[in-house]
Amino acid sequence: MTPRNPQQIRVLAVRARVGVIALLGVLVAVLFRAQVLRSSDWLLQSQSNRLRALTIPAPRGVIRDRAGRVFADNVPGYSVSIIPDRPDSMISTLHRMREHLELDDGRFEELSAQARSGPVRPLLVSVDAPFAAVAALQERRSRFPRLLIETRPKRRYPAGRVGAHVIGYVGEINETEVEAREGEGAEPGWIVGRSGIEAQYEPTLQGRPGIRYVEVDAEGRIVGSFAGVRRVTEEPGTDLELNLDLDLMEWIDHIFPEGMNGSVVMLEVETGAVLALYSAPAFDPNVFAGVVERSEWNRLVQDPESPLYHRAVMGSYPPGSPWKLATAAIALDLGVVTPSERMPVACRGSFVFGNRSYACWRPEGHGSLDLAGAIQHSCNVYFYQLGVRIGLARLLEVGNRMGFGEPCGIDLPNEAGGTFPEGVEFWERVYSYRAREGEALNLAIGQGPNDQTPLKMAQFILAIARDGSAPAPSLLRSTKAGANNPSWSLDIPQEHLEQIREGMRRVTGEGGTAYLSSLEHFDLLGKTGTAQSGGGRPSHAWFTAIAGPWGEAPEIVVIALVEFGESGSGVAAPLAAKAADYYLRGRHGIPRDTIQTLGEYFRAGRNTAWARRPER
Amino acid sequence: MRSLIAPLWQQPMVMVLLLLSVFGVGMIYSAGVLEVPSSVTEGLWIRQTVFLGVSVVGLLIVSRIPLRWFEWIAVPAYVLGVGVLGVTLVAGTGTGTAEGISSFLSIAGFRFQPAEAAKISTALALAALLASREEPPRYLRDLLTPAAVVGLPLVLVLLQPDLGTALAFVGIFFAVIFWAGTPWPLILFAASPGLGLILAFSLRVWAVYIVLLAIGLYLYRFRLYMVESVAVILGNVAAGAVAQPLWNSLAEYQRNRLLVFLDPSLDPRNAGWQLVQSKVAVGSGGIFGKGFTAGTQKRLAFLPEQHTDFIFSVVGEEFGFIGTSVVLALFGYLFFRMIMMAEAARRSFAGLFIFGILGVWLTHVFINAGMTIGVVPVTGIPLPFISYGGSFLLMSWMAAAVVVALASDDS
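Structure report, in brief. Because the structure is a prediction, the values reported are computed rather than measured. (Residues numbered from 1 in each chain as written. Chains lettered and ligands numbered in written order. Predicted model: local features only at pLDDT ≥ 70, side-chain atom pairs only at ≥ 80, totals over all residues. Heavy atoms only, no water.)

## Some details on the overall build of chain A
Heads up, the rule is: Under the scheme used here, helices are H or I runs from DSSP no shorter than 4 residues and strands are E runs no shorter than 2 residues, and both carry numbers assigned from the N terminus. Buried means the residue's accessible area, taken with a 1.4 Å probe over protein chains only, is under 20% of the maximum for its type, while exposed means over 50%, and partly exposed covers the values in between. By definition, residues are in contact when any of their heavy atoms lie within 4.5 Å. Per-residue accessibility takes into account occlusion by the displayed protein chains alone, with areas from the Shrake-Rupley method and a 1.4 Å probe.
On a plain count of helices and strands, chain A comes out with 22 helices and 19 strands. Every one of the 616 residues in chain A was classed for burial, and the buried ones make up 54%. Residue pairs at least 24 apart in sequence account for 70% of intrachain contacts in chain A once pairs closer than 6 positions are excluded. Of the roughly 25,900 Å² of accessible surface on chain A, a fraction of 50% belongs to carbon and sulfur atoms.

Right, here's the structure in full:
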């Protein structure tokens, strides 16, 4: 224990008292200044004038196609809000508003609940009020003292239904999202992306809202901006440029078979860029631009044709014959066949394996074929034997490497992965029996437990058109190097790939199933498919194609799928061919025409000599 | 029963605390009276009253413990306190508005802040350490061990991260070394790296400060080891060097709180909004205030955290300058009583501990009341005995109980 000198302790105690007085004195002095000297300033602000923070909404980024044509932009709209007050008086104002502004019961209840929770920010009644309603409210201002009408940007989709699925739509933010995005300054009334590109690039498109401060008087009328606190300027969202070609998509919408459902996908071979992504039936995204009317929403959701469903990336269909190209690619990758080799059993209309007979679609048979011939004639017997050679385990292994059970990784939310067995265990897991070698025969011709999205098929055909490697299809236009890094690749020599393409070329050549869809100015390499849809309904029609200028490297891949379209060659092939012709003519400066395929030339009575030229 | 309660009446300090606490319950009740019903603040005053009852009973018991016992448990309590702080860092949780901070520990459904208990045990340990010395600290190296004793829990609290509570530990350190008789230039030199850290945001100001510091050290050269002078300079240079990286490592809300102190319009949505609203509330209270429960800013829920960190704003709005000065005067009286008790204490251990607690409370009062009127940056730190918070109230009362126990020792 330190014996302390009483004198020293007294000195310390005096100093301590001085210190305490100094610190508390500073506080009292500042409080005196604020509460006594300057109190009237503050009183004015707290009683007669109240400070309110109002959000200045930031316009969303504009979405354009590759040529700068607008998919989505903003136009001024009017929002109607009520400045916070006592809950019962806010609710009675809401009641009175219903005379002029359409508010269904659900929305009214929602707003009343918000009013009861005592909002600090204005209560947003309508993000997008019709002009007539705004004018009516404005005229009766005295009945609506705390009314706040502001202009705020409203989303517009000039392309309408054409870009509906891929661009998506917007909607008002919900409570959970407001909490999740509090850090970004989210608050009720925010318009956020709900699907498609709008949802995928939501943070980029959103921008940052600004804030302005206003003083309101005792009746809640805004009397001016608040001096002393700066306004915060809003930052508009970033504009996006997409790989899509809006004109092309409008053309596809125009030529898509009336009253039928399905989709068309077009990719650029060099980059994997998505040139067109179309799904029918479509809807008008403009109805979502403001607050969606419940009745309109219900109509879209309950429509038996499911117009909201993005078939190109979410719809899974049995791939049928086009998948024979995958069987061929897998066989070549594994080196179990050479393109010129003929299969030991010639096609006589069926093939016996184990104790079962597997039929070819042509009862008379195709005879002995090489790879290109088998593709041209879509001969089942050839591909059954290829399936046996590959074997079930290896077929599944390479199929999975090519991502047939997974999404391609396109920059869209909710892409479906399709169905493809992950291994032989699949049969036990799903069907509760051990897989037999015979499963390989069904898979080899595109049947069995195998469902693919049109986009996935497009990505696969892309690999055939390139060097066996496939990048993920991309919507956002990017100049970044390495943007088209392959997501998978096959080990197939270029001359073998050329044999697959040769088979596809013959499909649209004289005597091929899609001969009538061949084009005057361009090479069209295709594969038709008519895949059983099950349930006794008509089959789905597929056409998967590669196209480009004559005798030159392929430039695009195009896939058409028409649900219950019955005929690949009759319905899907002309659709794909006309889309390809439209795009390629534009790309190569050839005047466009509505008469495009050989079939149309015939019907129009035009000269068709080009279709029989020797170099084709 | 009479003999149990009697000492309460004889202790003016306890009476002041009771007065402050009852006033606090009233303010918490008032903070719950809103135009807009809020389940958060309604009825909290009842909980606070229950805790006040528990606290008073606790004081009656703890204030009877002999001084010697506290000397014995000083070191084990300190080790335990630091250990629990370590556990809190790993297993702690946040609460309410401080969700991101791991400062609470729940045991059997009861949640408490270990840092509050650690303040008491750290003050005990520091008092025991300095009381065991023959002489007051004369050189900077004499302050090394005391600094380490406070630094360890301080760093653990800072990692939670809870800047406000960490500052209370700084308060303990300086109050205790002051009462230990450390010469004032030495205290200034010890504090200088902290000052250097703040001034480093302007290179020019910092350069002037370093020159002044060097002159000070030169004038004091005969009472300081050369090594220590060099260490002070190096410490300040280091503080200046880490200032920028440290700033960058702060969370955005922390930076905003510091910046809005200089310009409230910088973050008008969050921190700036709090400050502006609080200033309007306090300022509009005027001399006499708007009356109990009648604050308009508060009623419309403009005030943030009005039952905890911003309770002083409610006092200012409803009771005006009279109310705020009376509250500060009560605190002033409390601190004077504590200085008197320290002066009268027979053992230096008692006086040193009393100053440790004085340091904690003075820091809390100055920062909490100061932030509501923009004197100091907004820091999440409650007003002792008045702000809502069960475990905080209980621990403040326990600290008071130990003060009473040590002061009434007559061995």
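## Some remarks on the packing of aromatic side chains
Here the distance between the centres and the angle between the planes together describe a pair of aromatic rings. What counts, and what does not: Only the six-membered ring of Trp is used, alongside the rings of Phe and Tyr, when aromatic pairs are assigned; centres must lie within 6.5 Å, and planes under 30 degrees apart are stacked while those over 60 apart are edge-to-face, with the rest tilted. Both a distance and an angle decide whether a charge sits over a ring: NZ of Lys or CZ of Arg must be within 6 Å of the ring centre and within 35 degrees of the ring normal.
Applying the stated criterion across every chain yields a total of 28 aromatic pairs over all chains. When the ring of B:Tyr29 is compared with that of B:Trp45, the centres are 5.5 Å apart and the planes differ by 90 degrees; the resulting orientation is edge-to-face. Of the two residues, B:Tyr29 sits in helix α2 (residues 12–31) while B:Trp45 sits in helix α3 (residues 44–62), which places them 16 residues apart along the sequence. Looking at A:Arg537, its charged tip hangs above the ring of A:Phe564, at a distance of 3.8 Å from the centre. The lysine or arginine in question, A:Arg592, covers the ring of A:Tyr582, its NZ or CZ lying 3.8 Å from the ring centre.

## What to know about the layout of surface pockets
Residues and elements named next belong to chain A. Where we set the bar: Only protein atoms enter the calculation, which uses a 1 Å grid: trapped sets of points that fit a 1.4 Å probe without letting it out are cavities, open sets showing protein on both sides within 12 Å along at least five of seven lines are pockets, and any residue with an atom within 4 Å of a point is a lining residue. Grid points are joined across faces, edges and corners, and a volume is the space filled by probe spheres set on the points. Note that Gly is not counted as nonpolar here; it falls among the polar residues with everything else outside the nonpolar set of Ala, Val, Leu, Ile, Met, Phe, Trp, Tyr, Cys and Pro and the charged set of Asp, Glu, Lys and Arg.
Of the pockets and cavities examined, the second largest pocket occupies roughly 490 Å³. Forming the walls of the second largest pocket are 26 residues, and the residues nearest its centre are Ser321, Lys324, Gly529, Thr530 and Ala531. In terms of residues, the lining of the second largest pocket owes the most to one element, strand β17 (residues 522–531), which gives 5 residues. A class-by-class count of the residues in the lining of the second largest pocket yields 6 nonpolar, 17 polar and 3 charged.

## Some points on the pairing of strand β4 (residues 123–129) of chain A
All names here are of chain A. Stated precisely, the cut-off is as follows: Strands were regarded as paired on the criterion that DSSP finds at least two bridges between them.
With 6 of its 7 residues buried, β4 lies for the most part within the structure. When strand β3 (residues 70–82) meets β4, the two strands line up antiparallel, connected through 4 bridges. Looking at the pairing, Ile82 lines up with Leu123 of β4.

## Brief notes about the pairing of strand β12 (residues 274–280) of chain A
Looking down a regular strand, the side chains alternate between one sheet face and the other. Residues and elements named next belong to chain A. For β12, the tally of buried residues reaches 7 of 7 residues, placing the bulk of the element in the interior. Of the pairings in the sheet, the one linking strand β11 (residues 262–268) to β12 comprises 6 bridges and is antiparallel in character. Note on β12: the bridge partner recorded for Met266 is Ala276. What sits between β11 and β12 in their antiparallel hairpin is a turn of 5 residues, with Gly272 showing a positive phi close to 80 degrees.

## Concerning the packing of α2(B) against α3(B)
All names here are of chain B. Formally: Working convention: axes come from line fits to C-alpha atoms, limited for helices to the stretch in contact. Angles between N-to-C directions cover 0 to 180 degrees. An angle counts as roughly parallel when it lies under 35 degrees, as roughly antiparallel when it exceeds 145, as roughly perpendicular when it falls between 65 and 115, and as oblique in every other case. In this scheme, a crossing is called left-handed if the near helix is turned counterclockwise away from the far one by less than a right angle; it is called right-handed if the turn is clockwise.
Look at α2 against α3: their axes get within 8 Å of each other, and the N-to-C directions meet at 165 degrees. Classed by the angle they form, the pair α2 and α3 counts as roughly antiparallel. In this structure, the crossing between α2 and α3 has a hand that is right-handed. For the pair formed by α2 and α3, the contact residues are Val14, Leu18, Ser21, Val22, Val25, Ile28 and Tyr29 on the first element and Leu44, Trp45, Gln48, Thr49, Leu52, Val56 and Leu59 on the second. Its residues assigned to classes, the contact of α2 with α3 shows 11 nonpolar, 3 polar and no charged.

## Things to note about the sheet that holds β12(A)
As a general point, the strands of a sheet are linked pairwise by backbone hydrogen bonds and lie either parallel or antiparallel. Residues and elements named next belong to chain A. As summarised here, the arrangement of the 5 strands in space is β12-β11-β19-β18-β17, forming an open sheet in which the pairing is antiparallel. In this open sheet, the two edge strands, each paired with only one partner strand, are β12 and β17. The sheet shows a mean angle of 10 degrees between the axes of neighbouring strands, taken without regard to direction. Along the sheet, helix α19 (residues 454–465) contacts β11, β12, β18 (540–549) and β19 (556–562); its crossing angle with β19, the most-contacted strand, is approximately 150 degrees.

## Quick notes on the environment of A:Ala579
Residue and element names in this part refer to chain A. Counting through the fold element by element, Ala579 comes out in helix α21 (residues 568–587). The class for Ala579 is buried, based on a relative accessible area of 0%. Considering only alpha carbons, one finds Ala579 and Val265, 314 residues apart in sequence, at a separation of 9.6 Å.

## Some words on the pattern of salt bridges
Residues and elements named next belong to chain A. Operational definition: Every case where a carboxyl oxygen of Asp or Glu lies within 4 Å of a side-chain nitrogen of Lys or Arg is listed as a salt bridge.
The tally for this structure, following the rule as stated, stands at 35 salt bridges over all chains. Salt-bridge contacts for Glu202 lead to Arg60; the nearest nitrogen and oxygen are separated by 3.1 Å. With Glu202 in helix α9 (residues 202–206) and Arg60 in the loop between β1 (50–56) and β2 (63–64), this pair connects stretches of sequence that are 142 residues apart. Comparing Glu202 with Arg60 shows no difference in burial state: the two are buried. Salt-bridge contacts for Glu502 lead to Arg505; the nearest nitrogen and oxygen are separated by 3.1 Å. Placement of the pair is Glu502 and Arg505 together in helix α20 (residues 494–507), with a separation of 3 residues, close to one helical turn.

So far we have only geometry, and geometry alone does not tell us how the molecule works.
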